[in-house]
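An overview of the molecular structure
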Amino acid sequence: MAALTALLSLGMCLCAGSITTAEELSVPRAEKLRWISLDFKTVLTWTTQPSEHTYTVLFAPDDGDWTESHDCIEITDTECDLTHDLQPLNRAYSADIQTNTGGFAYDEDEQAHTYSSLFNPYRESNISAVRFAVRPVNESTVTINITDTLTAIHEGTKQLTIRDVLRSDLKYKITYYKAGSTGKREVISASSVAEVSKLDAGEEYCFIVAAFVPSRPKEAQHGGWSSQQCTQVQGTAQGLSLGALVGVIFIVITVLIISIVVAVLCCNCCRQRNKSFQTAQTTVQIPI
Ligand SMILES: *[C@@H]1O[C@H](CO)[C@@H](O)[C@H](O)[C@H]1NC(C)=O
Ligand SMILES: *[C@@H]1O[C@H](CO)[C@@H](O)[C@H](O)[C@H]1NC(C)=O
Ligand SMILES: *[C@@H]1O[C@H](CO)[C@@H](O)[C@H](O)[C@H]1NC(C)=O
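Let me sum up the structure you'll find in this document. It should be emphasised that the depicted structure is a prediction, and the values quoted were computed from it without experimental measurement.

Some words on the sheet that holds strand E1 (residues 31–38)
Read from one edge of the open sheet, 3 strands run E1-E2-E5, paired in antiparallel fashion. Each having just a single partner strand, E1 and strand E5 (79–81) make up the two edges of the open sheet. Here the strands of the sheet are splayed against their neighbours by 15 degrees on average, with no regard to which way each runs. One ladder, built from 3 bridges, connects strand E2 (residues 41–47) with E5; its direction is antiparallel. Of the residues in E5, the one forming a bridge with Val 43 is Asp 81.

So, the pattern of salt bridges
On inspection of all chains with the given rule, the structure shows 5 salt bridges. A salt bridge links Lys 173 to Glu 186; the nearest nitrogen and oxygen atoms lie 3.9 Å apart. Of this pair, Lys 173 sits in strand E12 (residues 171–178) while Glu 186 sits in strand E13 (residues 184–189); the two residues are 13 residues apart in sequence, bridging distant segments of the chain. Using a relative accessible area of 11% as the deciding quantity, one classes Lys 173 as buried. With a closest N to O distance of 2.7 Å, Lys 178 and Asp 200 form a salt bridge. Placement of the pair is Lys 178 in strand E12 and Asp 200 in the loop between strand E14 (193–196) and strand E15 (204–212), with a sequence separation of 22 residues. Residue Lys 178 is classed as buried on the basis of its relative accessible area, which comes to 18%. According to the relative accessible area criterion, Asp 200 is partly exposed, its value standing at 35%.

Considering the packing of aromatic side chains
All told, the structure shown has 5 aromatic pairs when counted by the stated rule. Aromatic ring contacts, followed pair by pair, group Tyr 176, Tyr 205 and Phe 207 into a single cluster. Between the NZ or CZ atom of Lys 173 and the centre of the ring of Phe 212, over which it lies, the distance is 4.3 Å. Against the face of Tyr 177 rests Lys 184, its NZ or CZ located 5.4 Å from the ring centre.

Let's talk about the site of ligand 2
Taken together, the neighbourhood of ligand 2 is formed by Asn 138, Ser 140, Thr 141 and Glu 195. The contact in question runs from an oxygen atom of ligand 2 to an N or O atom on the side chain of Asn 138, over 2.3 Å. The protein chains hide 38% of the 360 Å² of surface that ligand 2 would expose on its own. By residue class, the composition of the shell around ligand 2 is no nonpolar, 3 polar and 1 charged.

Quick notes on the site of ligand 1
Taken together, Trp 35, Ile 36, Ser 37, Phe 119, Glu 124 and Asn 126 make up the full set of residues adjacent to ligand 1. Separating an oxygen atom of ligand 1 from a backbone N or O atom of Ser 37 is a distance of 2.9 Å. A distance of 2.3 Å is found between an oxygen atom of ligand 1 and a side-chain nitrogen or oxygen belonging to Asn 126. Computed on the free molecule, ligand 1 has an accessible area of 360 Å², of which 45% lies beneath the protein chains in the complex. For the shell around ligand 1, the element with the highest residue contribution is E1, accounting for 3 residues. Residue classes in the shell around ligand 1 are distributed as 3 nonpolar, 2 polar and 1 charged.

As for the pairing of strand E6 (residues 93–100)
Extensive coverage of E6 is indicated by the burial of 8 of its 8 residues. Across the two faces of E6 the burial is the same, with Tyr 93, Ala 95, Ile 97 and Thr 99 and Ser 94, Asp 96, Gln 98 and Asn 100 all buried. Strand direction decides the pairing type here: strand E3 (residues 54–61) and E6, joined by 8 bridges, are antiparallel. By the bridge assignment, Phe 59 is partnered in E6 with Ala 95. With 3 bridges connecting them, E6 and strand E7 (residues 113–115) associate as antiparallel partners. From the neighbouring strand, Gln 98 faces E7, where its bridge partner is His 113.

A word on the sheet that holds strand E16 (residues 229–232)
On the basis of which strands lie adjacent, the open sheet formed by 4 strands has the order E13-E12-E15-E16 and antiparallel pairing. Every other strand in the sheet has two partners, leaving E13 and E16 as the edge strands with one partner each. Averaged over all neighbouring strand pairs, the angle between strand axes comes to 30 degrees, with direction disregarded. Of the pairings in the sheet, the one linking E12 to E13 comprises 6 bridges and is antiparallel in character.

Criteria and thresholds
- Residues numbered from 1 in each chain as written.
- Chains lettered and ligands numbered in written order.
- Predicted model: local features only at pLDDT ≥ 70, side-chain atom pairs only at ≥ 80, totals over all residues.
- Heavy atoms only, no water.
- Pairing = 2+ DSSP bridges.
- Helix = DSSP H or I, 4+ residues; strand = E, 2+ residues; numbered from the N terminus.
- Axes fitted to C-alpha atoms, helices over the stretch in contact; angles between N-to-C directions.
- Salt bridge = Lys/Arg side-chain N within 4 Å of Asp/Glu carboxyl O.
- Buried < 20%, exposed > 50% of the residue type's maximum accessible area, 1.4 Å probe, protein only.
- Phe/Tyr/Trp six-rings, centres within 6.5 Å; stacked < 30°, edge-to-face > 60°.
- Lys NZ or Arg CZ within 6 Å of the ring centre and 35° of its normal.
- Near = heavy atom within 4 Å.
- Polar contact = N/O pair within 3.5 Å; in protein donor to acceptor, adjacent residues only side chain to side chain.
- Areas by Shrake-Rupley, 256 points an atom, 1.4 Å probe, with all protein chains shown as cover.
- Nonpolar A, V, L, I, M, F, W, Y, C, P; charged D, E, K, R; others polar.

Given below as structure tokens:
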């Protein structure tokens with residue numbers, strides 16, 4: 001009898017166990033967590049299995065305490081805007097997405113949740129393409145005036161620019177080339193107003209610009225590239241450019257070589273004809 005009771009209770013245990021497991025399995029967790037951040041607007045996205053459950057997002061800096069994100073409590077969305085939560089910007093944050101199980105009294109440790117990877121907005125937020133104006137100054141210089149892009153960060157009523165946020169960490173990379181040439185040159189400017197010098201007078205140059213943050217990890221250093229702007233440098237073009245000069249010299253040398261080859265071939269030809277003429281004479285002479 002005792003053995004039977006033991007067996008029964010064991011069976012009940014197993015049964016209860018499998019129920020708990022099934023319950024756990026049926027609580028869907030957030031999956032494929034992804035940080036998407038542009039100009040310091042930072043959104044966490046994820047995917048879920050279709051269900052009646054809602055999700056709550058918590059975040060924590062470094063080893064700090066977990067806080068619920070105000071706008072992401074018991075939401076059915078699969079994204080959460082954490083822009084205002086992840087401040088100060090230059091810290092590594094992690095997020096935790098909890099699946100809400102309704103009235104079900106759960107053990108804290110068995111809560112269905114998923115942790116995000118660490119994210120540092122200051123070092124990892126993408127920077128969008130900038131806008132700029134280019135203005136000729138004199139016969140060798142133009143000014144590039146770059147508009148610092150606005151970010152999603154506010155300080156009081158002021159909307160901060162990427163310069164306000166990144167300060168001296170923000171540089172700009174300016175790539176330019178002379179119209180009709182393939183050689184590209186590059187300058188890095190610490191300021192949002194840059195001078196590009198040593199240009200050829202009267203020539204047209206085209207420029208593209210991107211934010212550049214060398215202090216960041218490699219994959220996040222470059223912002224998007226701007227669209228291209230071209231301008232003509234003041235003054236008149238100084239005759240032939242170096243490229244054209246090289247071209248002319250090349251043509252002259254080619255013509256010279258061809259002339260020599262033709263001359264040599266012709267001479268050989270003449271000599272051969274003379275020879276065959278002489279042979280013909282000899283042949284003609286033999287029968288006589
Ligand atoms: C930044 O942009 C790259 C390229 O579009 C993308 O792969 C990456 O996920 C973006 N990073 C963030 C944090 O949005
Ligand atoms: C052009 O302007 C720049 C700065 O404004 C100056 O440094 C440079 O000497 C000027 N060049 C000429 C040829 O005037
Ligand atoms: C750059 O452009 C801004 C706005 O377009 C203008 O207010 C500013 O005066 C310009 N700066 C220079 C140095 O040209």
